[in-house]
Every structure is written in structure tokens, then in C-alpha cells.
Amino acid sequence: MTTGSGVRFASLLIAAALVIAAAVWFSIDPHPAPVDKAVSARPPAAVALAARPIVNDGPLRTAAQPGGIAADGVCLGTLLRIELTATAEAADECLGAPSSDQNGEIRRHQFSAASGWSLAIRVASGKVLDAVATRNGEIVATCEAAACTGISIGLPDQDAVQDIALQALPLVDADGRIQHLSARLRSAPGYACPGASLIISYSDSRYLHFCPFGGSGVVFDEAGIGTLHFRSLEGTTLRVMLDAQDRVIGVDYGAYRCTAATCIGVLALLADPLGQRSIGFSGTVLEAPDAESDAGALSISLNGRLELPPEPAEL
């Protein structure tokens, strides 16, 4: 290749490069759309308080996390809707962390908002005694016993947490006006259980906390079979059947039961140095007929210990 032809070839390459660069340059939009930093900085789950539905999709935070309303109006806790029947008005309360306490067989669940509004629900043996709404300590509206319709409370899970659903729960104020409350709540974990307790594990991976309140000593029937009754704070009952030698011959909890040799892992009538008797369970399996099982769970297993009432003193 001659010197002249080489120069011409190099010139052609340079010209082609300039054409490609120009094409790329003009394809770029000199006025790109602005980015809304305020929107992009908001997490996808953030929804304006006014845009929330009447019943939220469930607790947004666990009981250990604080509630309240963020600066942008987003509820950081659990949303509860209050509807006033007389005026068709509605308002939302943003609830923070719940609390629960125990007094004898009465359990109280408390749900409070930063606004000063609060709801207390008292339950005994699985039945609602009353529900009281207050604002800054003053009673706003109440319901009692059978009038507290639209409220359902689930059994406690392994952390002693209960699902509490309010579906138009009617509360009445001092002037007879009705307000309906709707929300999906969860109680505080780990309420105090007065004494020993059991964890009941279902074969479908559910767990319940059996917290007994009261019971009986061994009551023998005419055939010489003794039965221990343990009633939970939710009103459910676990029974242990014993023979004349205090050997376990059966255990049942609702539709679930074991008999004789199938009651494995039961440590019956143990006594501590102070004379407190208890009955222990270590992986004891109770089975139920398919037609009687709870939500399809064919068996449950028991782990824990239950204390017996003290025996009467001899005269």
C-alpha cells in the first residue's frame, strides 16, 4: 500500500468514527424526566393513613415494636377503624404495642394509641366480659358480655399470643350512641401463667399454650378409675385417667386421646421436696379420629408440666 492510499484509508476511518459518535449523541434525550425523590425515597409499604381500608390486612408490626404515626402520616402500628352509626362518620386510631395482664382467671388485653385513645378487653374462660374504650383516661364507650358481638379471640400460640378480631364491635357511649370498631389485633406475647403449663403441638404445625387455672384432685368413679381435670384460662379441658395404683391409663384433650400403653411420655404424680405434686408430659401423643380432628390435624403432642391442687390435710 502506497503512502497516499494509506492516508486516504486513515481519513475514512476517522470520518466513520465521527459519524457513529454523532448518532449516539443525538439519540440521547437532552431533557430527561425529573426523578421525584420524595416518592422514590418512600418504601413500597408506606400508605397514607386516609387511604387505608376499614379493616387492615393484619398487624403491621410485632408487639415489641413501637406504634404511632410517622411524620408523613403513615401508621407504624395497627390501624383500628371507628364508625359512628348516628352520623355515618368514621375515624382511624393507630395503635402501638399491646399489653396483657392476668388477675386470677381474668385476662385483660390493652391497645392504646398516641392520641390518648385506648381499648381494654377483659376475658375469662374464653368469654368476653367487657370491652371499654377510653380517651385520656375517661370512659368513651363500652359493651358487656353478650352485647360484645363481633369479637373473636383465638387460642394462645406457643408464645402465648392470641389473634383478636374485631368486626363491627358495638360500643355504646353515655348518650346511647353506638360506635363500631373493626381491626385485626394480636395480644402481647408472654403473659404471666400462674404456675406450670403445657405446649400443645398440632400435627399441622400449629402450637398452643395451655395455661391451666384450677382443676381437681383425683376423683374416682365406681369402677375405681380416677380422673384429673385441668381447665385452661380459655375454657378448654385436659383430663388424665389413673388406675388404683396412680398409673396413667388415658389422657384426652377434646377429640384427641391416648389410652393405656399408647400414652407414652407421661410422668405421673411426681412430688417436689415441698410436697407439690405434678404430672409431666414429654412428647405424649394424642390422636383423634379423622372426622373429629381439629382443622385436619390428626394428632397433637404434649410437652410440659401441670401442677395438682394440694391434697387436703389429714385430721
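Every chain begins its residue count from 1, and numbering advances along the sequence as written. The predicted origin of the model limits local features to residues at a pLDDT of at least 70 and limits the giving and counting of side-chain atom pairs to 80 or more, whereas totals for whole chains, interfaces and linings rest on all residues. To obtain the side-chain values, all non-hydrogen atoms of the structure were used and water was disregarded.

## A word on the side chain of R107
Okay, so step 1: A run of H or I in DSSP becomes a helix once it reaches four residues, and a run of E becomes a strand once it reaches two; helices and strands are each numbered from the N terminus. As for its position among the elements, R107 is in strand β4 (residues 106-112).
Okay, so step 2: Buried means the residue's accessible area, taken with a 1.4 Å probe over protein chains only, is under 20% of the maximum for its type, while exposed means over 50%, and partly exposed covers the values in between. Residue R107 is classed as buried on the basis of its relative accessible area, which comes to 4%.
Okay, so step 3: Among the polar contacts made by the side chain of R107, one reaches the side chain of Q162 at a distance of 3.0 Å. Side-chain atoms alone can form a polar contact between residues adjacent in sequence; in general such a contact is a pair of N or O atoms within 3.5 Å, and within protein one must be able to donate a hydrogen while the other accepts it.

## Focus on the packing of aromatic side chains
Okay, so step 1: Stacked, tilted and edge-to-face pairs are distinguished by plane angle, under 30 degrees for stacked and over 60 for edge-to-face with tilted covering the rest, among Phe, Tyr and Trp rings (Trp via its six-membered ring) whose centres lie within 6.5 Å. Applying the stated criterion across every chain yields a total of two aromatic pairs.
Okay, so step 2: Judged by centre distance (5.9 Å) and plane angle (90 degrees), the ring pair of Y202 and Y256 falls under edge-to-face. In this pair, Y202 is assigned in strand β11 (residues 198-202) and Y256 in strand β18 (residues 256-259), connecting sequence segments 54 residues apart. Take Y202 and Y256: they sit in the same class, and that class is buried.

## A closer look at the nonpolar core
In globular proteins that are soluble, nonpolar side chains generally tend to be buried together.
Okay, so step 1: Grouping buried Ala, Val, Leu, Ile, Met, Phe, Trp, Tyr and Cys residues that are joined through side-chain atoms within 4.5 Å yields what is termed a nonpolar core. Ranked by internal contacts, the top residues of the largest apolar core, which has 27 residues, are F230, L238, V240, V251, I279 and F281.
Okay, so step 2: Within the residue set of this core, elements represented by two or more residues are β11, β12 (207-210), β15 (226-232), β16 (237-242), β17 (248-253), β18, β20 (277-287) and β21 (299-307).
Okay, so step 3: Residue contacts are defined here by distance: any two heavy atoms, one from each residue, within 4.5 Å place the two residues in contact. Sequence-distant contacts of V251, that is, excluding residues within four places in its chain, are made with L238, R239, V240, M241, Y256, R257, C258, C263, F281, L286 and L302.
Okay, so step 4: C143, C148, I151 and L185 belong to the second largest nonpolar core, which has 23 residues in total.

## A few points about unusual backbone geometry
Okay, so step 1: Residues other than glycine seldom take positive phi values, yet S205 does so here, at roughly 80 degrees.
Okay, so step 2: Assignment of secondary structure puts S205 in the loop between β11 and β12.
Okay, so step 3: Despite not being glycine, A260 has its phi angle at roughly 45 degrees, a positive value.
Okay, so step 4: Tracing the backbone shows A260 in the loop between β18 and β19 (266-271).
Okay, so step 5: Of the residues examined, A260 reaches a relative accessible area of 47% and is grouped as partly exposed.

## A word on the state of the cysteines
Okay, so step 1: Here, two cysteine sulfur atoms that lie within 2.5 Å of each other are counted as a disulfide. Following the criterion strictly, the structure yields three disulfides and no others.
Okay, so step 2: The partner cysteine of C75 in its disulfide is C94, sulfur to sulfur 2.1 Å. Between C75 and C94, the S-S torsion sits near 90 degrees, and that sign places the bridge as right-handed. Taken together, the residues span a long stretch of sequence, with C75 in the loop between α2 (37-40) and β1 (78-84) and C94 in strand β2 (residues 89-95) at a distance of 19 residues. With respect to burial, C75 and C94 carry one shared label: buried.

## Some points on the environment of I225
Okay, so step 1: Relative to the helices and strands, I225 is located in the loop between β14 (219-220) and β15.
Okay, so step 2: If we skip the residues at most four places from it in the chain, I225 touches V219, F220, M241, L242 and I249.

## Quick notes on the environment of A183
Okay, so step 1: Structurally, the position occupied by A183 is in strand β10 (residues 178-186).
Okay, so step 2: A relative accessible area of 1% places A183 in the buried class.
Okay, so step 3: The spacing of A183 and L79 is 104 residues in sequence and 6.7 Å in space, taken between C-alpha atoms.

## Some thoughts on the pairing of β12
Okay, so step 1: Strands qualify as paired when DSSP identifies two bridges or more between them. Looking at chain direction, β11 and β12 are connected through four bridges and run antiparallel. When the bridges of β12 are listed, I199 appears paired with H209.
Okay, so step 2: Counting the residues between successive antiparallel strands, the hairpin from β11 to β12 contains four residues, one of them, S205, with a positive phi of roughly 80 degrees.

## What about the pattern of salt bridges?
Okay, so step 1: We define a salt bridge as a contact between a side-chain nitrogen of Lys or Arg and a carboxyl oxygen of Asp or Glu at a distance within 4 Å. Per the counting criterion, the structure on display carries twelve salt bridges.
Okay, so step 2: Two residues, D92 and R81, come together in a salt bridge whose shortest N-O distance is 2.5 Å. On the criterion of sequence distance, the pair formed by D92 in strand β2 and R81 in strand β1 is long-range, its members being eleven residues apart.
Okay, so step 3: A relative accessible area of 12% means that R81 is categorised as buried.
Okay, so step 4: One salt bridge in this structure joins E307 and R305, with 3.4 Å as the shortest N-O distance.
Okay, so step 5: What makes E307 partly exposed here is its relative accessible area of 33%.
Okay, so step 6: R305 gets classed as partly exposed once you look at its relative accessible area, which sits at 37%.
Okay, so step 7: When salt bridges with common partners are traced through the structure, they connect D157, D163 and R186 into a single cluster.

## Details of the pairing of β16
Okay, so step 1: In the sheet, β15 pairs with β16 via six bridges, with the strands oriented antiparallel. The residue bridging R231 from the neighbouring strand is T237, located in β16.
Okay, so step 2: Between the end of β15 and the start of β16, which pair antiparallel, lie four residues, with G235 showing a positive phi angle near 95 degrees.
Okay, so step 3: Inspection of the sheet shows β16 paired to β17 by five bridges, in the antiparallel sense. Looking across to β17, one finds that M241 is bridged to G250.

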